[in-house]
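# Residue-level structure breakdown
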Amino acid sequence: MSALLLINIGQLLTLRSAADGPRRGASLSELGIIQDAAVLCMGGKIVSVGTTKDALRDPWLKKNRKTVIEIDCGGRVVLPGFVDSHTHPAFTHPRLVDFERRISGASYEEIAAAGGGIRSSIDGVRKASKTALTQKVSAVLADMARHGTTTVEAKSGYGLNLESELKSLEAIRAAAREWPGSVVPTFLGAHVVPPEYRGCSGEYVDLVCNVMMPAVARRKLAQFVDVFCDRGAFSADETAQIFAAAEERGLGVRAHLGQLSETRLGPLLQCRPASLDHMDHVNNEDLPALAQSDTVATLVPGANYFLGLSKYPNARRFIESGAAVALATDYNPGSSPTLSMPMAMSLACTHMKVSPAEAIAAATINGAWALRLADRKGSVEAGKDADLAVFDGSDYREIPYWFGANRCALTIMNGVPNGQLSAGEKT
Ligand code: NIG
Ligand code: FE
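In this text, all values refer to a predicted model and were calculated from it rather than measured experimentally. (Residues numbered from 1 in each chain as written. Chains lettered and ligands numbered in written order. Predicted model: local features only at pLDDT ≥ 70, side-chain atom pairs only at ≥ 80, totals over all residues. Heavy atoms only, no water.)

## Considerations on the side chain of Asp286
Residue placement: Asp286 occurs in the loop between β11 (275-278) and α11 (287-292). For Asp286, a relative accessible area of 7% corresponds to the buried category. At a separation of 3.0 Å, a polar atom in the side chain of Asp286 contacts the main-chain amide nitrogen of Leu265. Among all residues touching Asp286, those that are not within four sequence positions of it are Thr263, Arg264 and Leu265. (Helix = DSSP H or I, 4+ residues; strand = E, 2+ residues; numbered from the N terminus. Buried < 20%, exposed > 50% of the residue type's maximum accessible area, 1.4 Å probe, protein only. Polar contact = N/O pair within 3.5 Å; in protein donor to acceptor, adjacent residues only side chain to side chain. Contact = heavy atoms within 4.5 Å.)

## Concerning the coordination of the iron ion (ligand 2)
At the metal site, the iron ion (ligand 2) is ligated by His86 (NE2), His88 (NE2), His256 (NE2) and Asp330 (OD), and these contacts range over 2.1 to 2.3 Å. Taken in sequence order, the residues that donate to the iron ion (ligand 2) follow the motif H-x1-H-x167-H-x73-D. For His88, a relative accessible area of 1% gives the class buried. (Donors = N, O, S within 2.8 Å, 3.2 Å for Na, K, Ca; no water.)

## Quick notes on unusual backbone geometry
In this structure, His278 is a non-glycine residue whose phi angle is positive, near 90 degrees. Mapped onto the fold, His278 is located in strand β11. Residue classification places His278 among the buried residues on the basis of a relative accessible area of 1%. Phi is positive for Lys353, close to 55 degrees, though the residue is something other than glycine. Topologically, Lys353 is positioned in the loop between α14 (341-352) and α15 (356-363). Judged by its relative accessible area of 57%, Lys353 is exposed.

## Remarks on the environment of Leu4
Tracing the backbone shows Leu4 in strand β1 (residues 4-13). Overall, the relative accessible area of 2% leaves Leu4 in the buried class. Counting along the chain gives 43 residues from Leu4 to Val47, while the straight-line C-alpha distance between them is 9.9 Å. Leaving out residues up to four positions away in the same chain, Leu4 has contacts with Val39, Leu40, Cys41, Val68, Ile69, Ile71, Ile412, Gly415 and Pro417.

## Some words on the site of ligand 1
Inspection of the region around ligand 1 gives 15 residues, with Tyr108, Tyr158, Gln259, Asp330 and Ser335 positioned closest. In this structure, an oxygen atom belonging to ligand 1 sits 2.5 Å away from a side-chain N or O atom of Tyr108. Within the contact set of ligand 1, a nitrogen atom lies 2.9 Å away from a side-chain nitrogen or oxygen of His191. When ligand 1 sits alone it has 320 Å² of accessible area, and the protein chains cover 100% of it. Along the lines of polarity and charge, the residues of the shell around ligand 1 split into 4 nonpolar, 9 polar and 2 charged. (Near = heavy atom within 4 Å. Areas by Shrake-Rupley, 256 points an atom, 1.4 Å probe, with all protein chains shown as cover. Nonpolar A, V, L, I, M, F, W, Y, C, P; charged D, E, K, R; others polar.)

## Quick word on the pattern of salt bridges
Per the stated rule, a full pass over the model turns up 24 salt bridges. In this structure, the salt-bridge partner of Lys377 is Asp385, at a minimum N-O distance of 2.9 Å. Comparing Lys377 with Asp385 shows no difference in burial state: the two are buried. Salt bridges sharing common partners tie together Lys45, Arg376, Lys377, Asp385 and Asp387. (Salt bridge = Lys/Arg side-chain N within 4 Å of Asp/Glu carboxyl O.)

## Concerning the sheet that holds strand β8 (residues 182-190)
Read from one edge of the open sheet, 8 strands run β6-β7-β8-β9-β10-β11-β12-β13, paired in parallel fashion. Each edge of the open sheet is held by one strand with a lone partner, namely β6 (82-84) and β13 (324-327). Adjacent strand axes in the sheet meet at a mean angle of 25 degrees, parallel and antiparallel pairs treated alike. Pairing analysis gives 3 bridges linking β11 to strand β12 (residues 296-299), with the strands arranged parallel. Paired with Asp277 across the two strands is Thr298, which belongs to β12. Packed on one face of the sheet, helix α6 (residues 130-146) meets β6, β7 (149-155) and β8 and runs near 145 degrees to β7. (Pairing = 2+ DSSP bridges. Axes fitted to C-alpha atoms, helices over the stretch in contact; angles between N-to-C directions.)

## Quick look at the domain arrangement of the chain
According to the domain assignment, the chain consists of domain 1 (4-81 + 379-418) and domain 2 (82-370). Taking only C-alpha atoms into account, the centre of domain 1 sits 29 Å from that of domain 2. Taken together, the contact pairs 34 residues of domain 1 with 36 residues of domain 2. Between domain 1 and domain 2, a total of about 2700 Å² is buried, with carbon and sulfur atoms accounting for 66% of that surface. By the criterion of area lost to domain 2, the three top residues of domain 1 are Arg24, Leu28 and Met413, representing 23% of everything that side buries. Inspection of the region where domain 1 meets domain 2 yields 0 salt bridges. On the surface where domain 1 and domain 2 come into contact, there are 11 residue pairs in polar contact (both at pLDDT 80 or more). At the level of elements, β5 (77-80), β14 (388-391), α17 (398-401), β15 (408-413) and β16 (416-418) are the ones that each hand at least two residues to the side of domain 1 that touches domain 2. Top contributing element to the side of domain 1 that touches domain 2 by residue count: β15, with 4 residues. (Domains from an automatic or database assignment. Buried area = accessible area lost by both parts, 1.4 Å probe.)

Here it is, written out as structure tokens:
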């Protein structure tokens, strides 16, 4: 793989840090900006980071410049590619009827109780061929890259039987193999109780733990196990049971928590989940324990926006308590059909009073911590994977500012450029 040199970067947000661990409190605003910067990548890794002037004086570069692919960033902003640490891409159809029902006044929970919601996505996935599902996931990954995302956590969770959960994870794997970015697969068999187990959630949890999870682990189809722990889905005890089974199989755990109702964090934190996501309803008394843990609170404001909620998770309370906060899209057909990390960041700024700098750290380095990938992803530092996003504009605050339009000009995933910069289009 040839070397790649990005020069004339107006603002390079390195997100470098001397400290080990996710960003918390004031450190969430430290972007490690270098003006007039350059980044040299080789073999899919970042090898040096500094100013354009210093890069062009480098003896190795002077000698080898002809063999290096050079990208003139024309004063644009460059940052680590986004790490979208919570997505559900393995589905077939948008849920347009649910969308209209909500507009006419029904809530997400009312729609689910009437047979809509997550259960209405099951049929499409069960009937889809693996090839068709792979094509859907591939199209989503390609679109994510166009919006600046280079690492994606991808959940199953719309098959909800052995065959279709395996098919979903196999589709994610097949799509990931064709994509230059990085994909972290998650088994979400415990998304909701499927209709054939209605009224017997215990039996379904046993199936998830004793049949589905062993098959997933044997085929190495997932790195994490997720549970939707909430009213109308799975209880805290069922979640703990699923987490224990995951630990036995050597799989990491994470949960959807506090989206619709409050669950106390204490017992679940003992299972050391990599992240707890949504977190709209969290008891204040649980914050010190969360702050002392390595568990990342992943906030997904796209879901609040799309469900038409006036309330958003209290991001300031999390940040000020010292909890590690990440942002993700929660891309899915029911509550958050957006794959744009800049959109999630914009919502965090306008509705959760997160600053643009905090939003960027939450969407990059803390997303990497949420996936336990911070040794490779989430910052622009020598030795890390060459995952970069180039944005039109000359100031990083423009990324969440220009909402609703894609301003990502180029992504580089594991050293592979995706797209081409046109000259003189920096603003
Ligand atoms: O994160 N809350 C559970 N899961 C998704 C919704 C999935 C769906 O509605 O299809 C979420 O919001
Ligand atoms: Fe989700």
